[in-house]
Structure formats: C-alpha cells, structure tokens
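# Observations on the model geometry
The residues making up each chain are set out below.
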Amino acid sequence: MISKDMKINNLVCLLVLMFFSSSVEAQKYWDNINTKESTLGISEVFQTFDTEDFKLKVVRASQTVAALGPNANPDFDFTPGDRLEKRDKDSLYHLGDINLRIREGNGKWKGYSTAHKRMEVIPLQPYGNILAAADLSNTLPKDIPVNLQRYYELDDGDLVLRFRITNTQSQSIEIGALGVPMVFNNILEGNSLDEAHAQNVFFDPYIGKDAGYLEVKRLSGNGPALLVLPKENMAFEAYRPLLDGLTPRSTVFEGFHEWMVYSKAYSEQEWKGISQWNEPSSLVLSPNESKDFALKIVLSDGIKDIPKTLIKEERPVATAIPGYILPMDVNGQLFLNYLFDVDKINVEPKGALIVTKNSQTATNLKKYSVQGKKWGDARITIIYEDGLEQSIHYKVIKSETEVVKDFGHFLTTEQWFDDATDIFGRSPSVITYDYEKQEQVRQDGRAWIGGLSDEGGAGSWLGAIMKQLIQPEKAEIDKLQRFVEETLWGGLQQSEGPDMYGVRKSLFYYEPDSLPKGTYDKDINFTTWAAWNHKNANEYGRSYNYPHVAAAYMVMYRLSRYYKNLVDSRSWEWYLKNAYHTSVAMVEKAPYYAQFGQMEGSVFLLILQDLKNENYTEMASDLERRMKERADHWRALEYPFGSEMPWDSTGQEEVYMWSDYFGYDEKALVTLKAILAYMPNIPHWAYNGNARRYWDFLYAGKAGETSRVERQIHHYGSSLNAIPVLQHYREHPDDFYLLQVGYGGLLGGIANITQDGFGPAAFHSFPSSLKIDGISGDYGSGFYGYAVNSGSYLFEHEDFGWLAFGGNLTMSEGVVTAEITTAARSKVYIASKKLWLTLDAGKFDKVIFNTRTDEVTVVLDGKTKYTPNAYLRIDTDTELPFKKVRGAYEIPLSDKKIHIKI
C-alpha cells in the first residue's frame, strides 16, 4: 500500500520536474561553460581600489570588475564575483564591458564587443583622479574603426566608469549602437532562499534619457542600494537584453541587460517596426574626433532614499499623481525637481496628453497638470534650460469604470465557451483566449491552458468572477452562475466522496488512446511533460488551484448577501460554506505546497472575515487555527517566500497579510522590504510598481517565439503585491513612498487591458516586442489583486499639497472634496485621519473632508434595482444612526444621492 506521505513525495517530485526543468537545463549550460577555456585572466593579479563608498576589485588582465562592494558591508558584492571562476570565459559579460555597432558611409552595421574574444588589455598609466585605465584594442577585432579606452576614476570621491571612443579613420563613422552591460549579481542558481536574499540583487531601469538611471537592490531590501547614473553623454535610450551572453537564462536567472546610449542600428534590424520607449539615435564621429561616455556609481542609504539620493546628485526627479498609468477621467499632476527650469515639453504621440504648467510648490518645484486624451503609450520629453532631456513614460487608459466594463463584456462574450458536446466537461465556462488569432484556446500542449485550472487556465473565469465584485452585471452573473453550477462544482472541483472539495489540476488532458480519433489537434506538440494525462490532470495536490475556486465562492456569497436578486441559483450560506471548505481542502489535500504563500492567498483572510461577520464561530475558529499554523511556520523562517520556484514573487502577498493579521510585525516588515526590492518606484508606467516576474511567459503565455524568459510588465504579481504594500501604507500613512509604489502596482493590474476589453497575460519588455502577450493566460490572478484592493486615497503632502489617488480633488476654504473615479467606488482612505471607509454594496460619489472641523461627509449614489441598501464599514469607533448588520451599517438608499456625516 502506498502511504499518504509517499503520494505527497511523488507529487512533489513531479512538480519539481515540471517547474524546475529550465533550471536543469541551466545546469547543463553551466556544466558546458565549465569545459571552455578560461580567457578573462583571473589567474593573474587583481587590483583593488577604495572609494568613499566602495571597494572596487578589477581583474588586471581584462580590467573588468571582479567585485564591487559597499564599504559599510565589505562581505557583500553587488556583482557576481562569487562565480568569477565559472564566468571567466569568452562571451560572458562583466561590468566594464562595452558593445558597439558601427558603420562607415552607407555600409552595413558591424558589431564589436569587448566580451566575445578576451585578450589581455593594454594598461595605461593612471594620473590625477584615475584609478585604472586601459586601451581595449587587444580584446576587440582588428578591423574596428575606433580606438577604445576605459577608465575607472573618482569624481569627488564617487566611482566613475568612463569610455573614450576615437575615430581612427580618415572618414566619418556612425555609431548606431553603444551599450554598457549592467552586470550585477542576479544569478540565483544554486542558492537557497536565505542565501539569495543575503547575496543577490535585482535591478530596475529608468529608461529616461539624460535623467535615466539603474537602481540595484538586495533581495532582502536591506542595506544600501546602488545607483548607476549618467555622468557624461550617457543618455539611457534603451535597455537591451544580452541574449548573446552565455550565462544561461532560466527560472534562476533573468538575464543581463545593457544600458544603451544609441540604438538606431537595432531599430533598423532586430527591432524593425517596433516603436521604442525613446526615439532611436546614433552618433557621427568625424575623423580623429573623440567622445567620452561616463557613468557614475553611487550608494543610496536605502530603497526609499533613492529619490533623496537623486536630488543630492543633482539629477531630475519626477513625481506623477496618481502615477504613470493615467485614466482619461483623472486629472493627473506632475511635479519636477531639478536645478534648472524647463525650456520645452514635447508630447508623443501628438495630442496623447495635455500638459499644462501650474504654479510652483512652496519649495519651488515645478508643477504641471496632465490629462490623458488618447489611449495607449505616451511619452513626455522635458528639455531643461541646461540642455538635459528627460523622458517620462505614461500609459493612457479609459476610465477605470470603462476598462472594467469592457473587460467583463469581453470575457462573457468572446471568451464564453458554451459547447455541450465538449468531451472534457469544460462547458459552460470562460476559457483562455488567443487575441492574435481572435479565437478561444481549447487545446494547448500545456494541459492547464485549456483546462480551466492552474493560473494559466483558471485566469479567465477568475477574472470574470472578480469583475462582478466591483461592477456587478446581472447578465454576466447569470452566465457565471451556470459556470459554478455546471462546470466548477462537480467538475473542476470534486463535489462528493472522500476527495470532496478537492480541485483538479486540469479538466483538459492528453490521452489519445482513450478518446475518439481526431480529439486532439495534430498541429500541437503533446510530447512534453506539460501534456498531462487523465490521471495527472485529476490530481488534487496543487495548492495554487484552490484560491481561485475559493475566490469564486467568496464573490458569489457577497453578491448574494449584499445585493438583491443578483444571484438565484444557490443561497448565500452555500457559497460561504463552500468557500470555507475549499480553504480547508487546500491545507488537507495539498499539504506540501500549502506551506507556502499562495497567489490570491489573501482571499482566505477575506473569507475568514465573512465567517466572523456571519457568526459562523466554529468554521471561523477552525480556519483561523489552520492559517495560524501556516503563519507560525513562516514566522520561523528567515525569508518565508518559497514556492515551486527557487525564488518567487507569489507568496509575499499572503505571507504579509497573515503575518500582519496575527501581529507578527517583524515578519510582516521582512516581507514588505523584500517586496520593495523587486517593486520599484520609477517614472515609467511599465516599471513603476511592476513586481518582478520573468518566467511565466513559458508557463502561461502564448506558445511560440515569445515563450521565453523575459521580464514581464505588469504580470499578476504587480497588483497582488500591491495588496500588502497598500495595507502597510494604511497602517503607516506618512510613508508616501509606499503609496506611490502600491498604487503603481494596483493600476498596473489593469494597464494592459486592450481597448476592446481583452486582458493579456502580461506585456513583453524585450525591445524586439514591446507588446502584450498573445493569450489571456494567468491574467485573472492580477485582476483579483485589482478587484479586492481598488480604492481611493486622500493624502496631504508636505510640499505637493492635497493629493488624490483614485479621484479628482478640489479644495475651497479648507474643504477638500474628492470625486471618486475608481471602477468600484467602494473604498476610500483619508490618510490624515487614518480613516478607512469601505462599502460591501453601494458606491461612493464624493468624499468631503473639512480640514478645519475635522468632519468627513460621504456622498452615496442612489439606489438601483439590485442595490436598495448600502453597507458601510468604518474602521473607527464612530457611531452612525443606522442599523448594524454583520458589522456594517445598513443604509437605505433613495432615488437621490444621500449625504452622511462621519
């Protein structure tokens, strides 16, 4: 007889095989690299230099960086110096390398790199503030038409990396690509979570031309952050993945990128036809002309101190309210902090944004109003009086209300699958969709994509159900009730027997011998591990499937309980009890992975709150006990963010929420710091609040050329990680940095939805693509994050004044009025009062705060056919003249808007 433990171990082995396959391939690459000849020269002497902030170590033979550590922590290295003996081969990039593409006359572009064929460089005699210098001719092809020199030098104590390029020809040449590889230690291969958080870094680009920079942060979020800044002629024009480097990409290595000053040659070839973040440019060098290109490397005391460090370094700092994803009905603001005045502002595409200058702030910051006019990417280029150019990247979207409405409509029409003959029992449902083919995805070599489970298959129906939480639509809910009754309960989820409440891994499976001939598409590759057979697809041991189902029941419960006649197929009790039983089943039937934080794991806390509100004491106590056991386990770990991946940005959401709930403040703070290490605050819609994820195009994106390891733009991690960030902000309302990052991630959750309502898995960051992914994939998890976390925030900034995130603000004689613009219009936070107002039903129209009397007035929309009452929750001891029902004030609505003083 096979024991339960043996079954669990077998399942673990299977999942490890599935999701670590790319890591296994990575190890094969490493083994292959180790057989190659060492060419970097690490057997020779190293040179070590001290600056005010750093200890710099370079390889004498190549004069590339061998180590770069902060003086405050001499045991830490920002670069992958711990792998120097493995990475001392040709075509393995190091900090200090440079890549060029050059052409003479109208000839073809030719590429040159200091990394591809290592030879000992020619040292130059240091002088003045120069620490080390070299002529790089030996390590470059003989036909290169320039002389290239590299300098490590000091600038008022700061470390500078400088390249000098001289045209050695008798005619002008054109440099169409110039890139400096940004090689820092993001190679996680072989490291435990504790080791990775102690030793490794992540880095994020601000592709902002002369104002651009790169921020490098430890995975723990602790210690100083490193900033790479332009020093001379180093506009950050593009950010190119170094796909020609031999360090293998996998789930344990996102890859290296390079800071590109010029990118015209790539825009004419590999990136042809793709609109780039900045206009590609080139440089023409006259005969014997030289030009210097320099970067400065500095430290910031911490991640939150990066804006202060930029100001100290006299770099332009931009702050956009509510961020760089701008709904068309929101009056945005832009604040600029720079020594020089603005000479000119250009907007591309023309008319996409209206930028209007306002009066300066109290500290003389430049203030502008920004209004989105045309849907899509928009770039503001600011030219300052000193000639510096700064590009700021916006995404203009429809109003949140329209975006969500379009999303719900697309899901329940184009993605609505209703075929009673479906042999896999998936009808009716909301199924995966291929936007490029404009068709439903009913089969895929990865079973889960068409199987309605796992994030990649459940994403669409999860998104459709979560949409109803914030914008209920009766016709859509009627379809989703059918899905729950006919497909979810008794199909995807076991409805009877010993495995009752277990959630299957997939309804679709590959077993051609047991099904009629012609069942499977002959053009699809079903030969990989991902083509699960019936037995494999029917397993209940993948914990990550349970939160999707629990969320569906939670939403149906709330629609049934707080609205009238929206749900009629089951009672509210049935939905709530199923939500509870599904939560318990995850722990019982999927114990191995239940030890980790789950994506959407915050749903279990929402269900617990619902159980308590209904006085379901026994169920609530049981669920709380089980969740506390998990939280106690996390509390005992240094960095409790494990999953089926070596490193992940999935579990932090739930780990934080339960740690916060049970008062494990230290662990909650550890979690928050880790989130901020991979979730930046940057003046670019694609990166601001974008929680790092780089492998799910493989598992949940469209199969084909874009199925690759690649930094994903606003994958579901953005809005999920925004949940703990904004939760922590509400507990620490003076921390403006958290509000910026959290709100960036929140709106990132809907940024990629198309004009007609399609929600893609994520956006491709490679400059050869810069487009949404082709299928819906796992997007629903991201919309969950938006749906449960959508809210409006009123904040008084010491310099910017009163600000609104999720609303339009006006002020008159000390009275602040915020017109609420979110799709849900159900949550408002007033920071100065630490006041969190939420509605289980009904909608806020306005919130009015009298700063002189400290009085708050909320204005509620009138009643609708399905909303005769509003249910208002206030997290203070305030008493209102209304009946309390399940902890909320039940407020009878009328045909007109009503005003309530709090």
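### Some thoughts on the nonpolar core
Among the nonpolar cores identified, the biggest contains 266 residues, and Leu100, Phe184, Tyr394 and Trp461 are the most heavily contacted of them. Looking at this core element by element, the count peaks at 12 residues for helix α10 (residues 546–562). Aside from chain neighbours lying at most four places away, what touches Trp461 is Val430, Leu452, Phe483, Leu492, His548, Val549 and Ala552. Leu794, Leu837, Phe849 and Val858 belong to the second largest nonpolar core, which has 27 residues in total.

### Here we look at the packing of aromatic side chains
Counted by the stated rule, this structure contains 68 aromatic pairs. Seen in terms of ring centroids, Phe253 and Phe256 are 4.9 Å apart; in terms of plane orientation they differ by 75°. Their pairing is edge-to-face. Plain terms: the ring middles of Phe424 and Tyr520 are 6.1 Å apart, the flat faces sit at 50° to each other, and that makes the pair tilted. Of this pair, Phe424 sits in the loop between β26 (416–417) and β27 (429–430) while Tyr520 sits in the loop between α8 (474–488) and α9 (534–537), and the two are 96 residues apart along the sequence. Residue classification places Tyr520 among the buried positions, given a relative accessible area of 13%. Put simply, the rings of Phe335, Tyr729, Phe736, Tyr743, Tyr793, Phe795, Phe800, Phe805, Tyr829 and Trp836 touch in pairs and so form one group of aromatic residues. Sitting over the ring of Phe46, Lys57 keeps its end group 4.4 Å from the ring centre.

### Quick notes on the confidence of the model for the chain
When pLDDT is averaged along the chain, the result is 95; 97% of the residues meet or exceed 70. For residues 1–22, every residue scores under 50 in pLDDT, and the model assigns this stretch 32 contacts once sequence neighbours within four places are set aside.

### Notes on the packing of helix α15 (residues 652–661) against helix α16 (residues 665–678)
Each pair of packed helices can be described by the angle between their axes along with the distance between the axes. The contact between α15 and α16 brings their axes to 8 Å, and the two run at 150°. Overall, the two elements α15 and α16 adopt an arrangement that is roughly antiparallel. Of the two elements, α15 crosses α16, and the hand of that crossing is left-handed. Across from Gln652, Val655, Tyr656, Ser659 and Asp660 in α15, the residues of α16 making contact are Asp665, Lys667, Ala668, Thr671, Leu672, Ile675 and Tyr678. Residue composition of the contact of α15 with α16, grouped by class: six nonpolar, three polar and three charged.

### Here we look at the sheet that holds strand β9 (residues 158–167)
Through backbone hydrogen bonds, the strands of a sheet pair up, either in parallel or in antiparallel fashion. If you trace the eight strands from one edge of the open sheet to the other, you get β6-β7-β8-β9-β17-β13-β12-β11, paired in antiparallel fashion. A single partner strand is all that each edge strand has here, and the edge strands are β6 (122–124) and β11 (201–206). When strand polarity is set aside, the average angle formed by the axes of neighbouring strands in this sheet is 20°. In this structure, β11 lies alongside strand β12 (residues 213–218), joined through six bridges in antiparallel fashion. When the bridges of β12 are listed, Val201 appears paired with Arg218.

### Description of the sheet that holds strand β37 (residues 835–841)
Read from one edge of the open sheet, seven strands run β33-β32-β36-β37-β40-β42-β41, paired in mixed fashion. Strands with a single pairing partner mark the edges of an open sheet, and in this sheet they are β33 (801–805) and β41 (883–885). Recorded for the sheet is a direction-independent mean angle of 25° between the axes of neighbouring strands. Bridge count for strand β32 (residues 792–797) against β33 is five bridges, and the pairing is antiparallel. Considered in β33, the bridge of Phe795 is made with Leu803. The sheet contacts of helix α18 (residues 717–731) involve β32, β36 (827–830) and β37, and relative to β32 the element is tilted by about 50°.

### Topic: unusual backbone geometry
Ile321 connects to Pro322 through a cis peptide bond whose omega is 5°. Tracing the backbone shows Pro322 in the loop between β18 (317–321) and β19 (325–327). Following Ser427, the chain continues into Pro428 via a peptide bond in cis, with omega recorded as -5°. Within the element layout of this structure, Pro428 appears in the loop between β26 and β27.

### With respect to the side chain of Gln712
Mapping Gln712 onto the fold places it in strand β30 (residues 712–713). On the accessibility criterion, Gln712 (0% relative accessible area) is buried.

What counts and how
Residues numbered from 1 in each chain as written. Predicted model: local features only at pLDDT ≥ 70, side-chain atom pairs only at ≥ 80, totals over all residues. Heavy atoms only, no water. Core = buried A, V, L, I, M, F, W, Y, C linked by side-chain atoms within 4.5 Å. Buried < 20%, exposed > 50% of the residue type's maximum accessible area, 1.4 Å probe, protein only. Helix = DSSP H or I, 4+ residues; strand = E, 2+ residues; numbered from the N terminus. Contact = heavy atoms within 4.5 Å. Phe/Tyr/Trp six-rings, centres within 6.5 Å; stacked < 30°, edge-to-face > 60°. Lys NZ or Arg CZ within 6 Å of the ring centre and 35° of its normal. pLDDT = per-residue confidence, 0-100. Axes fitted to C-alpha atoms, helices over the stretch in contact; angles between N-to-C directions. Parallel < 35°, antiparallel > 145°, perpendicular 65-115°, else oblique. Left-handed = near helix turned anticlockwise from the far one by under 90°. Nonpolar A, V, L, I, M, F, W, Y, C, P; charged D, E, K, R; others polar. Pairing = 2+ DSSP bridges.

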